[in-house]
Amino acid sequence: MIAWVEGVLRTREPTRVVIDVGGVGYELHVPLSTFGVLPDSGKTVSLHVYTHAREGAIELYGFATPRERALFELLLRANRVGPRLAQTILSGIAAGPLLAALRGGDVAMLRRIPGVGAKMAEKMIVDLRDRAMEMNASDEPGVSGRDAREREVADQVLSALTNLGYPRSQAERVVEAVAAEAGDETSIEAWIRIALRRLA
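Chains are numbered independently. Their residues run from 1 in the order of the written sequence. Per-residue local features are limited, in this predicted model, to residues with pLDDT of at least 70; the limit for side-chain atom pairs, both in listing and counting, is 80 or more; totals at the level of whole chains, interfaces and linings are taken over all residues. Side-chain descriptors were evaluated using all non-hydrogen atoms of the structure, hydrogens and water having been removed beforehand.

Draft legend 1. Representation of the overall build of the chain in the model. When helices and strands are counted, the chain shows nine helices and five strands. A helix here means a DSSP run of H or I that spans at least four residues, while a strand means a run of E at least two residues long, and both kinds are numbered starting from the N terminus. From first element to last, N terminus to C terminus, the chain shows the α and β order β-β-β-α-β-β-α-α-α-α-α-α-α-α. Each radius of gyration is computed over the set of C-alpha atoms, and the globule rule expresses the reference value as 2.2 Å times the number of residues to the power 0.38. Relative to the 2.2 N^0.38 estimate, which gives 16 Å for 200 residues, the radius of gyration of the chain is 17 Å and therefore close to what a compact globule would have. Referenced to the eigenvectors of the C-alpha coordinate spread, the extents of the chain come out at roughly 50 × 45 × 25 Å. Buried residues are those whose accessible area, probed at 1.4 Å on protein chains only, stays under 20% of the maximum for their type, while exposed residues exceed 50% and partly exposed ones sit between those limits. Out of the 200 residues belonging to the chain, those deemed buried represent 46%. Two residues qualify as a contact provided that any one of their heavy atoms is within 4.5 Å of a heavy atom in the partner residue. Expressed as a percentage of contacts within the chain between residues at least 6 apart in sequence, the contacts between residues at least 24 apart total 54%. Summed over its atoms, the accessible surface of the chain is roughly 9,800 Å², and 48% of this surface lies on carbon and sulfur atoms. In these tables, accessible area is a Shrake-Rupley quantity obtained with a 1.4 Å probe, and a residue counts as shielded only by the protein chains included in the view.

Draft legend 2. Representation of the packing of helix 8 (residues 168–182) against helix 9 (residues 188–199) within the structure. Only the stretch in contact is used when fitting a helix axis, every axis being a line fitted to C-alpha atoms; angles between N-to-C directions are given from 0 to 180 degrees. Where helix 8 meets helix 9, the closest approach of the two axes is 9 Å, and the angle between their N-to-C directions is 120 degrees. Considering their axes alone, helix 8 and helix 9 lie oblique with respect to each other. When the axes of helix 8 and helix 9 are compared, the crossing they make is right-handed. Within the contact between the two elements, helix 8 uses Q170, V174, V175, A177, V178, A179, E181 and A182 and helix 9 uses W191, I194, A195, R197, R198 and L199. Here the contact of helix 8 with helix 9 is built from residues that sort into ten nonpolar, one polar and three charged. Note on terminology: angles under 35 degrees are roughly parallel, angles over 145 are roughly antiparallel, angles of 65 to 115 are roughly perpendicular, and the others are oblique. Each crossing gets its handedness from the near helix: less than a right angle anticlockwise from the far helix is left-handed, clockwise is right-handed. Just so you know the grouping, Ala, Val, Leu, Ile, Met, Phe, Trp, Tyr, Cys and Pro go in nonpolar, Asp, Glu, Lys and Arg go in charged, and all remaining residues, Gly too, go in polar.

Draft legend 3. Fine view of the nonpolar core. Residues belong to one nonpolar core when they are buried, are Ala, Val, Leu, Ile, Met, Phe, Trp, Tyr or Cys, and are joined through side-chain atoms within 4.5 Å. Residues L75, I89, L98, L110 and M124 are the most contacted members of the largest nonpolar core, which totals 29 residues. Mapped onto this core, the elements with two or more residues apiece are strand 5 (57–63), helix 2 (66–75), helix 3 (83–92), helix 4 (95–104) and helix 6 (118–137). Setting aside residues no more than four positions away along its own chain, L110 makes contact with L98, A101, L102, V116, A121, M124 and I125. Grouped together as the second largest cluster of nonpolar side chains are 15 residues, A171, V174, V175 and I188 included.

Next comes the structure, spelled out in structure tokens:
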């Protein structure tokens, strides 16, 4: 099973990327949340991968953070939710609101996601509520103790910094410092500005 891919970004499309790893091109399906933090084509990129085997074929799904991949795997536990629908769901709603909707039984919020009707939303809540509550309580390295929105922003800023070539350990330290400096500010743009200023 492929769990991690790092290489040169050759093709960059909203739901699909191709990464050159040692002369071999790996095609990965990605949600819009991951697409939004990708570097330009020709740059080095690192993605967490979910490997899906079906009917003799293998499909790879790429994610900017371990948390995104964990959410994808969570969605696959729901009845009638396959990889493509899970990718669509992650493209249509951010991690924090998605977990909040599953945990709180918010059918209306889930129905706003393309491809999710009322019955599907209700089934997702029944199937995933308990697991969503457990996942929401877990923390990623460098963002413990923060609310869902801050964790989501920290995840994306961390991914952006590593994709820009900064070592992960350094990027994690910077993200921690940015979180303390940013205060109530939770926009990705503001966090990245602060991070780049600190790195400069």
